[in-house]
Amino acid sequence: KGIGKFISTKNGNLSKSPLPNIKPYTSGDTIYVSSGDSSKVKPAVTLAENIFHSDKTKNYNGMTHQIIGASGNKMLQVSYGSSTISLQGTGTSLWDTAAPSAILFALGGKVTDYFGNDLVYGTNKGQLGNKRGVISSAPGAKGVHLDMVEAMGKDDGILSLRD
């Protein structure tokens, strides 16, 4: 499947494919957190569960954890609104996040490291990984993103990822 107007069929022909309906996050919606199942991201997922299940001061309606494979696919699900946020560990590379970040930004979403810093795509050949993890959030979920970043900045285990 593709996200564009055409997909390639098994016999190599192109077939029309409608774009998915993009569903922005609305305050009060259940928060869907996607991640892989790597041990590198589990502390971030546990932190999300603590925030979105127990913080009654916000208008959070609970959280559902989704395990989704492939960095780009996680971010694509966030772009569609199938996931509210995606948490990716420190094992992703810049090439895993570059194209999906562009799509997400174009739709009004947000992508940062765990500490709220923009991912840097530059010419530093020694820096090819997202060493501080990656959070991506759906259009409309800026507050969810910022709450997650704030909590990560207070968590000793997450803070150990800072340079």
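These numbers were taken from a predicted model, which means no experiment stands behind them.

**Q** Whenever I open this one, the overall build of the protein chain confuses me. Can you help?
**A** Counting its regular elements, the protein chain contains 5 helices and 7 strands. Helices and strands appear in the protein chain in the N-to-C order β-β-β-α-β-α-β-α-β-β-α-α. Counting every position in the protein chain, which comprises 163 residues, the buried fraction comes to 41%. As displayed, the protein chain offers around 9000 Å² of accessible surface, 53% of which is attributable to carbon and sulfur atoms.

**Q** Is there a simple way to explain helix α4 (residues 142–152) in this structure?
**A** All of the buried residues in α4 are Val144, His145, Asp147, Met148, Val149, Ala151 and Met152. If you follow the buried residues of α4, they end up packed against β3 (31–35), α1 (42–54), β5 (85–88), β6 (110–112), β7 (134–137) and α5 (156–159).

**Q** What exactly am I supposed to notice about the pairing of β7 here?
**A** For a regular strand, side chains alternate in direction, first toward one face of the sheet and then toward the other. Where burial is concerned, the two faces of β7 agree: the one with Val134 and Ser136 and the one with Ile135 and Ser137 are both buried. When β5 meets β7, the two strands line up antiparallel, connected through 4 bridges. For Gln88, the partnering residue across the bridge sits in β7 and is Val134. Looking at chain direction, β6 and β7 are connected through 3 bridges and run antiparallel.

**Q** What is the right way to read the environment of Ser79 from this model?
**A** Structurally, the position occupied by Ser79 is in helix α2 (residues 71–80). We classify Ser79 as buried; its relative accessible area is 1%. On a C-alpha basis, the gap between Ser79 and Pro24 in space is 8.5 Å, while along the polypeptide they are 55 residues apart. When sequence neighbours within four positions are dropped, the list of residues in contact with Ser79 reads Ile22, Ile103, Leu104, Leu107 and Pro139.

**Q** Looking at this model, I keep getting lost on the sheet that holds strand β4 (residues 63–67). Mind explaining?
**A** Sheet strands pair via backbone hydrogen bonds, and the direction of the pair is either parallel or antiparallel. Taken together, the 5 strands give an open sheet; going across it, the order is β4-β3-β5-β7-β6, and neighbouring strands pair in mixed fashion. The open sheet has two free edges, formed respectively by β4 and β6, since each of these has just one partner strand. Pairs of neighbouring strands in the sheet enclose a mean axial angle of 15 degrees, with direction left out of account. Strands β6 and β7 of the sheet are contacted by helix α3 (residues 94–107), whose axis makes an angle of about 145 degrees with β6.

**Q** Which parts of the structure should I look at to understand a nonpolar patch on the surface?
**A** Side chains of Ile22, Ile103 and Leu107 sit close together on the surface and give an oily, nonpolar patch of about 210 Å² of accessible area. With respect to the helices and strands, the residue Ile103 is situated in helix α3. Judged by its relative accessible area of 32%, Ile103 is partly exposed.

**Q** Help me understand the packing of aromatic side chains, please; the structure alone is not making it clear to me.
**A** Aromatic ring pairs: the centre-centre distance and the angle between the two ring planes describe each pair. With the rule as written, the count across this model stands at 1 aromatic pair. Ring geometry for Phe52 and Tyr60: centres 4.9 Å apart, planes at 85 degrees, overall edge-to-face. The same class applies to Phe52 as to Tyr60, namely buried.

**Q** Can you help me understand the packing of α1 against α4 in this one?
**A** Angle between the axes and distance between the axes: these two values describe a pair of packed helices. Here α1 crosses α4 at 115 degrees, and the two axes come no closer than 10 Å. For the pair α1 and α4, the sense of crossing is right-handed. Across the interface between the two elements, Ala44, Leu47, Ala48, Ile51 and Phe52 from α1 touch Val144, Asp147, Met148, Ala151 and Met152 from α4. Residues that form the contact of α1 with α4 fall into these classes: 9 nonpolar, no polar and 1 charged.

Cut-off values and rules
- Residues numbered from 1 in each chain as written.
- Predicted model: local features only at pLDDT ≥ 70, side-chain atom pairs only at ≥ 80, totals over all residues.
- Heavy atoms only, no water.
- Helix = DSSP H or I, 4+ residues; strand = E, 2+ residues; numbered from the N terminus.
- Buried < 20%, exposed > 50% of the residue type's maximum accessible area, 1.4 Å probe, protein only.
- Areas by Shrake-Rupley, 256 points an atom, 1.4 Å probe, with all protein chains shown as cover.
- Contact = heavy atoms within 4.5 Å.
- Pairing = 2+ DSSP bridges.
- Axes fitted to C-alpha atoms, helices over the stretch in contact; angles between N-to-C directions.
- Patch = residues over 30% accessible without salt bridge, like charges linked within 9 Å, V, L, I, M, F, W, Y side chains within 5 Å.
- Salt bridge = Lys/Arg side-chain N within 4 Å of Asp/Glu carboxyl O.
- Phe/Tyr/Trp six-rings, centres within 6.5 Å; stacked < 30°, edge-to-face > 60°.
- Left-handed = near helix turned anticlockwise from the far one by under 90°.
- Nonpolar A, V, L, I, M, F, W, Y, C, P; charged D, E, K, R; others polar.

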